[in-house]
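# Examination of the molecular architecture
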Protein chains: 2
Amino acid sequence: MKTPEELVARFREQGYKVTPQRQLIFRLLNGNTAHPTAETLYEVAAEQMPGISLRTVYQTLSELSAMGEVQHIDLGSGAVRFDPNVDDHHHVVCSTCGVVHDVYVNQTPLQFEGDVEGFAVHSTRIVFSGECAQCAHLSA
Amino acid sequence: MKTPEELVARFREQGYKVTPQRQLIFRLLNGNTAHPTAETLYEVAAEQMPGISLRTVYQTLSELSAMGEVQHIDLGSGAVRFDPNVDDHHHVVCSTCGVVHDVYVNQTPLQFEGDVEGFAVHSTRIVFSGECAQCAHLSA
DNA sequence: TGCTAATCAACAAGTCGTGCTAATTAGCAA
DNA sequence: TTGCTAATTAGCACGACTTGTTGATTAGCA
Ligand SMILES: [Mn+2]
Ligand SMILES: [Mn+2]
Ligand SMILES: [Zn+2]
Ligand SMILES: [Zn+2]
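Residues numbered from 1 in each chain as written. Chains lettered and ligands numbered in written order. Predicted model: local features only at pLDDT ≥ 70, side-chain atom pairs only at ≥ 80, totals over all residues. Heavy atoms only, no water.

## Let's talk about the coordination of the manganese ion (ligand 1)
Taken together, the protein donors to the manganese ion (ligand 1) comprise His35(A) (NE2), Asp83(A) (OD), His89(A) (NE2), His91(A) (NE2) and Asp102(A) (OD), at separations of 1.9 to 2.2 Å. Its relative accessible area of 16% is what places Asp102(A) among the buried residues. (Donors = N, O, S within 2.8 Å, 3.2 Å for Na, K, Ca; no water. Buried < 20%, exposed > 50% of the residue type's maximum accessible area, 1.4 Å probe, protein only.)

## Some details on the environment of Gln71(B)
Residue and element names in this part refer to chain B. Looking at where Gln71 falls in the secondary structure, it is placed in strand S1 (residues 71-73). The class for Gln71 is partly exposed, based on a relative accessible area of 26%. C-alpha of Gln71 to C-alpha of Val86: the two residues are 15 residues apart in sequence and 6.1 Å apart in space. Apart from residues lying up to four places away in sequence, Gln71 is in contact with Arg81, Phe82, Asp83, Asn85, Val86 and His89. (Helix = DSSP H or I, 4+ residues; strand = E, 2+ residues; numbered from the N terminus. Contact = heavy atoms within 4.5 Å.)

## Brief notes about the protein's contact with DNA strand C
For DNA strand C, the set of nearby residues contains 18 residues, the closest of which are Arg12(A), Val18(A), Val80(A), Thr19(B) and Thr56(B). When atoms of DNA strand C within 4 Å of the protein are sorted by moiety, sugar and phosphate together comprise 83%. Here a phosphate oxygen of DNA strand C and a side-chain polar atom of Thr19(B) are 2.7 Å apart. Gly51(B) places a main-chain nitrogen or oxygen 3.2 Å from a phosphate oxygen of DNA strand C. Contributing elements (two or more residues each) for the surface near DNA strand C: helix H4 (54-66) of chain A together with helix H2 (20-29) of chain B. (Near = heavy atom within 4 Å. Polar contact = N/O pair within 3.5 Å; in protein donor to acceptor, adjacent residues only side chain to side chain.)

## Structural notes on the side chain of Asn85(B)
Residues and elements named next belong to chain B. The residue Asn85 is located in the loop between strand S2 (81-83) and strand S3 (90-94) in this model. A distance of 3.0 Å separates polar atoms of two side chains, one belonging to Asn85 and the other to Tyr104. When residues no more than four places from it in sequence are discounted, the contact partners of Asn85 are Gln71, Asp102 and Tyr104.

## Description of the packing of helix H3 (residues 38-48) of chain B against helix H4 (residues 54-66) of chain B
All names here are of chain B. As a packed pair, H3 and H4 sit with axes 9 Å apart at the nearest point and diverge in direction by 120°. The orientation of H3 relative to H4 falls into the category oblique. The handedness of the crossing between H3 and H4 comes out as right-handed. Across the interface between the two elements, Ala38, Glu39, Leu41 and Tyr42 from H3 touch Leu54, Val57, Tyr58 and Leu61 from H4. A class-by-class count of the residues in the contact of H3 with H4 yields seven nonpolar, no polar and one charged. (Axes fitted to C-alpha atoms, helices over the stretch in contact; angles between N-to-C directions. Parallel < 35°, antiparallel > 145°, perpendicular 65-115°, else oblique. Left-handed = near helix turned anticlockwise from the far one by under 90°. Nonpolar A, V, L, I, M, F, W, Y, C, P; charged D, E, K, R; others polar.)

## Remarks on the pattern of salt bridges
Enumeration according to the criterion identifies six salt bridges over all chains in this entry. For Arg10(A), the salt bridge identified is with Glu69(A), shortest N-O distance 2.7 Å. Taken together, the residues span a long stretch of sequence, with Arg10(A) in helix H1 (residues 4-13) and Glu69(A) in the loop between H4 and strand S1 (71-73) at a distance of 59 residues. When the shortest N-O distance is used, the salt bridge between Arg22(B) and Glu63(B) registers 2.9 Å. Taken as a pair, Arg22(B) in helix H2 and Glu63(B) in helix H4 lie far apart in primary sequence, 41 residues in all. (Salt bridge = Lys/Arg side-chain N within 4 Å of Asp/Glu carboxyl O.)

## Topic: the relation of the copies chain B and chain A
Turning one copy of the chain about an axis and sliding it along that axis gives the other copy, so a rotation and a shift relate them. Structural alignment of chain B on chain A gives an RMSD of 0.0 Å, achieved by rotating through 180° and translating 0.0 Å along the axis. Such a combination of rotation and displacement between the chain copies is what one expects of a two-fold axis. Minimal C-alpha separation from the rotation axis in chain B is found for Ile126(B), amounting to 2.3 Å. Taken together, the interface assignments show that 100% of the residues at the interface of chain B recur at the interface of chain A, consistent with an identical surface on both copies. (Least-squares fit on C-alpha atoms with pLDDT ≥ 70 in both.)

## Concerning the coordination of the zinc ion (ligand 3)
All names here are of chain A. Within the protein, Cys94 (SG), Cys97 (SG), Cys132 (SG) and Cys135 (SG) serve as the donor atoms for the zinc ion (ligand 3), at 2.3 Å. Taken together, the four donor atoms coordinating the zinc ion (ligand 3) span angles of 104 to 114° at the metal, a pattern that classifies the geometry as tetrahedral. As a motif over one chain, the donors of the zinc ion (ligand 3) read C-x2-C-x34-C-x2-C. Here Cys97 falls in the partly exposed class, since its relative accessible area comes to 46%. (Tetrahedral: all angles 85-135°; square planar, octahedral: opposite > 155°, others 65-115°.)

## Some remarks on the domain arrangement of chain A
Residues and elements named next belong to chain A. As assigned here, chain A comprises domain 1 (4-81) and domain 2 (87-139). The centre of domain 1, based on its C-alpha atoms, is set 24 Å off from the matching centre of domain 2. Listed per partner, the contact involves seven residues of domain 1 and nine residues of domain 2. Counting each side, the surface lost to burial between domain 1 and domain 2 is near 550 Å², with a carbon and sulfur contribution of 56%. The tally of links between domain 1 and domain 2 comes to zero salt bridges. Linking domain 1 with domain 2 are four residue pairs in polar contact (both at pLDDT 80 or more), by the criterion used here. A class-by-class count of the residues in the side of domain 1 that touches domain 2 yields two nonpolar, three polar and two charged. (Domains from an automatic or database assignment. Buried area = accessible area lost by both parts, 1.4 Å probe.)

Here you go:
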């Protein structure tokens, strides 16, 4: 994702108004590695701006997604998570606590075999599931 | 997934009754590579057994899933898909028509780097997205 | 044969996300 | 500064998917 300042410029170029709500969301996403859901982002936003609506958070995330500034990640476990990291990367997910971390896989593009003659791969998503160090500690 | 005959035995062992509905679902899943949703499986089932309920299809799929006989795959695009293939395999998905095919990746386990000290990987899911040969043909 | 699980219809509910409306606010261009 | 119009808000509804519940009926199997 671009910096909040660059996003402000980008939004103005596109004819979108630069509102305090949007700017707050830009700042909250900037450098955010938590892979938040819209809901959790809303909760943090509401602390700094009581009265902001969940609807607006969803709306701004959709705009950023359409602009390619954030990625949305569906791990199949409830709500979609939003990721300001749009580099080519993948994820590890702790099955116990649900934490999500970025990982980088360098053997890509991956080779595969199967009955998929002529299939043109555009993107590859890898999700590693398991148990994080903290959860392993607690259960030990 | 085991064969329908083996599943019948397995269900009886577990104290589950072997009903015509369950047996039909066993047969419909056997060798099924379509990665159907509960709904699509229900539609096919209803042709052969008018009156079977969607609820029962969901129920039986849950039982099979709990027994490890089917896998459920959430591609983040609507309903969960069910897969009687429980081998270690992965999927290609056509973004245009939604078709899902099995693929096998042999350079697993994959290496990755990131801020994930001490994370124990239990499973890896890979989804290749792109365009299938048929869709490429039609759009050309 | 009889106990009990399974099924069914019908409906509700929960989660996630979007749509809509009407009123208010406020960004920004002229 | 003014004025057009987008944006926000509250509030409610809805759609998709899945599970829960209830009460009546069916049927598996010991
Ligand atoms: Mn990420
Ligand atoms: Mn499969
Ligand atoms: Zn954990
Ligand atoms: Zn296709």
